[in-house]
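Tertiary structure, described
So the chains spell out like this:
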Amino acid sequence: DTAVSQTPKYLVTQMGNDKSIKCEQNLGHDTMYWYKQDSKKFLKIMFSYNNKELIINETVPNRFSPKSPDKAHLNLHINSLELGDSAVYFCASSQDIGKTEAFFGQGTRLTVV
Amino acid sequence: GESVGLHLPTLSVQEGDNSIINCAYSNSASDYFIWYKQESGKGPQFIIDIRSNMDKRQGQRVTVLLNKTVKHLSLQIAATQPGDSAVYFCAETYYNQGGKLIFGQGTELSVKP
């Protein structure tokens, strides 16, 4: 069983569209994250949630709206997609806040054309 | 002339040799420093961490060294194997920051058989 799974793995869409990426973890962790990795491989935190509560919003445009229906799921919805949103998005989880070991999903490669 | 954009630093080693990957950090307030490994097409994977009040920690075939005087972190991999080929990221985190990992620039390790 995959510990942190996100879907889809690839997403190609046109500018202006709205899309969602889903993430689920079966590790029983309390904390979940979204990270963005750009074309230069730079990884940056976007959001963190602890027990469904938003903890960090790292100055992400409000076109990005995370939703955590329960602590095992953290979905990412993106409105009005722009070319600059093209990147690989990683979902991750950790046992709780402050744990250094985060478990990452395989990533979703988003391409906006 | 200079190329536009930054390329990932690369390190090429012979199989069986030791590898040393370096990282400079800027935040003296960080509580933990961590190394992650990212294989092609996968999410980052935790390797080892070190608390800020330590200067050395050893794991299986890996050693992390922390020099707070010059704000330098290194990862040593003993007897490097082809399976070690990946991009390695240093990261830092500190309490009361929602568990976020602040990643540094990655280093691409290539192991020649």
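Residues numbered from 1 in each chain as written. Chains lettered and ligands numbered in written order. Predicted model: local features only at pLDDT ≥ 70, side-chain atom pairs only at ≥ 80, totals over all residues. Heavy atoms only, no water.

**Some words on the overall build of chain A**
Stated formally: Comment: elements are numbered from the N terminus, with helices defined as DSSP H or I runs of at least four residues and strands as E runs of at least two. Put simply, the radius of gyration uses C-alpha atoms, and a globule should come to 2.2 Å times the residue count raised to 0.38. Whether a residue is buried, partly exposed or exposed follows from its accessible area with a 1.4 Å probe, protein chains only, as a fraction of its type maximum: under 20%, in between, or over 50%, in that order. Note on contacts: a residue pair qualifies if any of its non-hydrogen atoms lie within 4.5 Å across the two residues. All accessible-area figures derive from a Shrake-Rupley calculation using a 1.4 Å probe, and residue coverage is judged against the displayed protein chains alone. Residues counted as positive are Lys and Arg, residues counted as negative are Asp and Glu, and His and the chain ends are not counted. Lysine's charge is taken at NZ, arginine's at CZ, aspartate's at CG and glutamate's at CD.
Helix and strand counts for chain A come out as zero helices and eleven strands. Scanning chain A from its N terminus toward the C terminus, one meets helices and strands in the order β-β-β-β-β-β-β-β-β-β-β. Here chain A has a C-alpha radius of gyration of 13 Å; the compact-globule value for 113 residues is 13 Å, and the two agree. Seen along its three principal axes, the alpha-carbon backbone of chain A occupies a region of about 35 × 25 × 25 Å. Looking at chain A residue by residue over its 113 residues, the buried ones come to 43%. Of the contacts formed within chain A by residues at least 6 apart in sequence, a portion of 55% connects residues at least 24 apart. Element-wise, carbon and sulfur atoms account for 47% of the exposed surface of chain A, whose accessible area totals about 5600 Å². Considering chain A, the positive charge centre built from 13 side chains and the negative charge centre built from 12 side chains are found 6 Å apart.

**Describing the environment of G28 of chain A**
Residue position: G28 of chain A is located in the loop between β3 (19-25) and β4 (31-37). In this structure the C-alpha to C-alpha distance between G28 of chain A and L74 of chain A, which are 46 residues apart in sequence, comes to 13 Å.

**A look at the state of the cysteines**
Residues and elements named next belong to chain A. Selection criterion: In plain terms, two cysteine sulfur atoms within 2.5 Å form what is called a disulfide here.
Per the stated rule, a full pass over the model turns up two disulfides over all chains. Here C23 pairs with C91 through a disulfide, and the sulfurs are 1.8 Å apart. Classification of the bridge connecting C23 and C91 rests on its S-S torsion, roughly -75°, and on that basis the disulfide is left-handed. Within this pair, whereas C23 is found in strand β3, its partner C91 is found in strand β9 (residues 87-94), the two being separated by 68 residues in sequence. Of the residues examined, C23 reaches a relative accessible area of 1% and is grouped as buried. Judged by its relative accessible area of 0%, C91 falls in the buried class.

**Observations concerning the pattern of salt bridges**
This is how it is decided: Here, a salt bridge means any Lys or Arg side-chain nitrogen found within 4 Å of an Asp or Glu carboxyl oxygen.
One pass over the full model with this rule turns up eight salt bridges over all chains. For K71 of chain A, the salt bridge is made with D30 of chain A, and the minimal N-O distance between the two is 2.6 Å. One end of the pair, K71 of chain A, is in the loop between β7 (64-70) and β8 (73-78); the other, D30 of chain A, is in the loop between β3 and β4, and 41 residues separate them in sequence. Between R57 of chain B and D49 of chain B there is a salt bridge; the shortest N-O distance is 2.4 Å.

**Focus on the pairing of strand β1 (residues 4-7) of chain A**
All names here are of chain A. Applicable threshold: At least two DSSP bridges between two strands are required for those strands to pair.
The two faces of β1 differ: V4 and Q6 on one face are buried, but S5 and T7 on the other face are not. As paired strands, β1 and β3 are joined by four bridges and run antiparallel to one another. The residue bridging Q6 from the neighbouring strand is C23, located in β3.

**Considering the nonpolar core**
Operational definition: In these notes, a set of buried Ala, Val, Leu, Ile, Met, Phe, Trp, Tyr and Cys residues joined through side-chain atoms within 4.5 Å is what counts as a nonpolar core.
Formed by 20 residues in total, the largest nonpolar core has its most connected members in W34, M46, F47, F64, L76, Y89 and L110 of chain A. Put simply, the parts of the chain that give this core at least two residues each are β3, β4, β5 (43-50), β8, β9 and β11 (108-112) of chain A.

**Quick notes on unusual backbone geometry**
Note: most residues except glycine have negative phi, and most peptide bonds are trans. Residue and element names in this part refer to chain A. The peptide bond linking T7 to P8 adopts the cis configuration, its omega dihedral lying at 0°. Mapping P8 onto the fold places it in the loop between β1 and β2 (10-13). One non-glycine residue, K52, lies in the positive phi region at around 75°. Inspection of the secondary structure assignment puts K52 in the loop between β5 and β6 (53-57). For K52, a relative accessible area of 45% puts it in the partly exposed group. Of note, T59 is a non-glycine position whose phi angle comes to about 45°, a positive value. Note that T59 resides in the loop between β6 and β7.

**Re the sheet that holds strand β5 (residues 56-58) of chain B**
Whether parallel or antiparallel, the strands of a sheet pair through hydrogen bonds between backbone atoms. Residues and elements named next belong to chain B. The condition that has to hold: Here, axes are lines fitted to C-alpha atoms. For helices the fit covers the stretch in contact, and angles between N-to-C directions go from 0 to 180 degrees.
With antiparallel pairing, four strands are arranged side by side in an open sheet as β2-β7-β6-β5. Whereas interior strands pair on both sides, the edge strands pair on one side only; in this sheet they are β2 (19-24) and β5. The mean angle between the axes of side-by-side strands here comes to 15°, regardless of whether they run parallel or antiparallel. Judged from the three bridges that link them, β5 and strand β6 (residues 62-67) form a sheet pairing that is antiparallel. Following the sheet pairing, Q58 is matched in β6 by T63.

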